[in-house]
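In case you want the letters, here they are:
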Amino acid sequence: MTNCSPISAIRGRFLDIQQLVQHPSEIAEQVRYLEDAVLISEHGKIKWFGTWQDAQPHLPEDVEIQHYPEQLIVPGFIDTHIHYPQTEMVGAYGEQLLSWLNTYTFPTELQFKDPSYAEHIAHFFIQELLKNGTTTALVFCTVHPESVDALFQAAANFNMRLIAGKVMMDRHAPEDLCDTAESSYTDSKALIEKWHGQGRALYAITPRFAPTSTPEQLEKAGQLKQEFPDVYVHTHLSENKDEIAWVKSLFPERQGYLDVYHHYGLTGQRSVFAHCVHLEDEEWNCMHDTDSAIAFCPTSNLFLGSGLFPLNKTWEKQVKVGLGTDIGAGTSFNQLQTLNEAYKVQQLQGNKLSAFESLYHATLGGAKALDLQDKLGNFNIGKEADFVVLNLNATALQSLRQSRAKAIEDSLFALFTLGDDRNVHATYVYGQRKFSK
């Protein structure tokens, strides 16, 4: 299943977005669609990319060409917000955010103090990502350092680019799931020194959300960010109206929810805030001014009844945004299904989400949200060779629908509307095939 040569050559139909854009209307002119092309990678990086006709002088004599004549090859999907410990509680019934955490999430996360349990779920989680064509993810672990070790080790086995961190949580949760301001600082610092920049692993300082951290703990999180300026910050923001009211009651001295994080130095270029469904205007301005990013999680926002995310506002305010599945409040690991729901969320607000904009958010836009646009997101030479091979005709209905598609955009829109994990034919990580049907 895996080709272990340092050089690989893939031939097929390729589709990507060549450059970052400032507005959705500019995406179409950056779309690169090659009906018969070759991608050559060496030691995980894209060495050459172009048409089959132009490829001949660049192909090493002894390289085996892996040919996908019927499929569509796109950059690997990027998931900007997901909880690996919640893998086993997807589809938990009947609650909104705060009661959902207490009823389902916290009891599930308690199990991750057992390293062998964490290892089992981490392995399952990485396999699910690969089966769904996701090659990079920003991941919540639990409060236990063991949960972080298990996940990074599982990702290293596949050479995946993964960003993750230990949850910091010192109040408003079961006692066995709480750390302290000091222990969360010490544990996080040790994990940063152990994992950040090891292989393709990157670390995220991870306060769960403002209500479960004391001011002292948030101060320690900010201290970590100062000491390690190239690590990430990953947390939740303005998901649910009751949550926002709770934050305002806990931090009356702050101007609003985002101001809590901003005050403690947790906004910035590699800070990713999940949800942001109910941001106020000054918060949108702060997101832009600090170059912070949003993870848009449509299946989760609908499942928990949190609200409709105003995706158009990210373009208007020039705020970075990526897609998040948010397993386990989200209901699928699959970015095709996530985009299907994203389209509906926009429709309910009277807006349209085009197929090309959807592809942008799932690939290059997501890379930008994670400050990885120099490494991921398209087939530009020098980038890391993470990509997914998609079967557009995985079901009889899809095959019938695709037979009516007049152009690649229509074909892609049908895929995003009808697609799921059955459409993922193969997933390549760092130039090597790591999943295949």
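Preceding block: the structure.
As the structure is a computational prediction, the values presented were derived from the model and not from experiment. (Residues numbered from 1 in each chain as written. Predicted model: local features only at pLDDT ≥ 70, side-chain atom pairs only at ≥ 80, totals over all residues. Heavy atoms only, no water.)

A. Quick look at the overall build of the chain. Helix and strand counts for the chain come out as 16 helices and 16 strands. For 437 residues, the compact-globule estimate of 2.2 N^0.38 gives 22 Å, and the chain sits close to it at 21 Å. Per-residue burial over the chain gives 61% buried out of 437 residues. Of the roughly 16,200 Å² that the chain leaves accessible, carbon and sulfur atoms contribute 49%. One finds the centroid of the 35 positive side-chain charges in the chain at a distance of 5 Å from the centroid of its 54 negative side-chain charges. (Helix = DSSP H or I, 4+ residues; strand = E, 2+ residues; numbered from the N terminus. Rg over C-alpha atoms; globule rule 2.2 N^0.38 Å. Buried < 20%, exposed > 50% of the residue type's maximum accessible area, 1.4 Å probe, protein only. Areas by Shrake-Rupley, 256 points an atom, 1.4 Å probe, with all protein chains shown as cover. Lys, Arg positive; Asp, Glu negative; His and termini not counted. Charge placed at Lys NZ, Arg CZ, Asp CG, Glu CD.)

B. A look at the layout of surface pockets. In this structure, the largest pocket encloses a volume near 210 Å³. Taken together, 17 residues line the largest pocket, and the ones lying closest to its centre are Gln318, Val319, Lys320, Val321 and Lys368. Counting only elements with at least two residues in the lining of the largest pocket, the list comes to helix H9 (281–290), helix H11 (311–316), strand S13 (320–323), helix H13 (355–362) and helix H14 (364–369). Here the lining of the largest pocket takes three residues from H14, the largest share from any one element. Partitioning the lining of the largest pocket into residue classes produces seven nonpolar, seven polar and three charged. (1 Å grid on protein atoms, 1.4 Å probe; cavity = no way out; pocket = protein on both sides within 12 Å on 5 of 7 lines; lining within 4 Å. Points joined across faces, edges and corners; volume = space filled by probe spheres on them. Nonpolar A, V, L, I, M, F, W, Y, C, P; charged D, E, K, R; others polar.)

C. The arrangement of helix H2 (residues 97–109) in detail. For H2, spanning 13 residues, the distance from its first C-alpha to its last is only 16 Å, which falls clearly below the expected 18 Å at 1.5 Å a residue. In the structure, H2 departs most strongly from a straight axis at threonine 103, where the bend amounts to approximately 35° and where the proline proline 107 lies between one and four residues downstream. Within H2 the residues assigned to the buried category are Leu97, Trp100, Leu101, Thr105, Phe106, Thr108 and Glu109. Summarising the contacts, the buried residues of H2 are in contact with helix H7 (241–250). (Expected span 1.5 Å × (residues − 1). Bend = angle between axes of the 7 residues up to and from the residue. Contact = heavy atoms within 4.5 Å.)

D. Spotlight on the packing of H13 against helix H16 (residues 408–418). Between H13 and H16, the least distance of the axes is 8 Å, while the angle of their chain directions is 60°. Judged by the angle between their axes, H13 and H16 are oblique. Crossing handedness for the pair H13 and H16: left-handed. Residues Ala355, Phe356, Ser358 and Leu359 of H13 pack against Ile408, Glu409, Leu412, Phe413 and Phe416 of H16. Classifying every residue of the contact of H13 with H16 gives seven nonpolar, one polar and one charged. (Axes fitted to C-alpha atoms, helices over the stretch in contact; angles between N-to-C directions. Parallel < 35°, antiparallel > 145°, perpendicular 65-115°, else oblique. Left-handed = near helix turned anticlockwise from the far one by under 90°.)

E. Fine view of the environment of methionine 89. For methionine 89, the location among the structural elements is in the loop between strand S5 (77–83) and H2. Residue methionine 89 is classed as buried on the basis of its relative accessible area, which comes to 7%. Spatially, the C-alpha atom of methionine 89 lies 29 Å from that of valine 389, the residues being 300 residues apart in sequence. If we skip the residues at most four places from it in the chain, methionine 89 touches Trp100, Tyr104, Thr105, Thr108 and Gly328.

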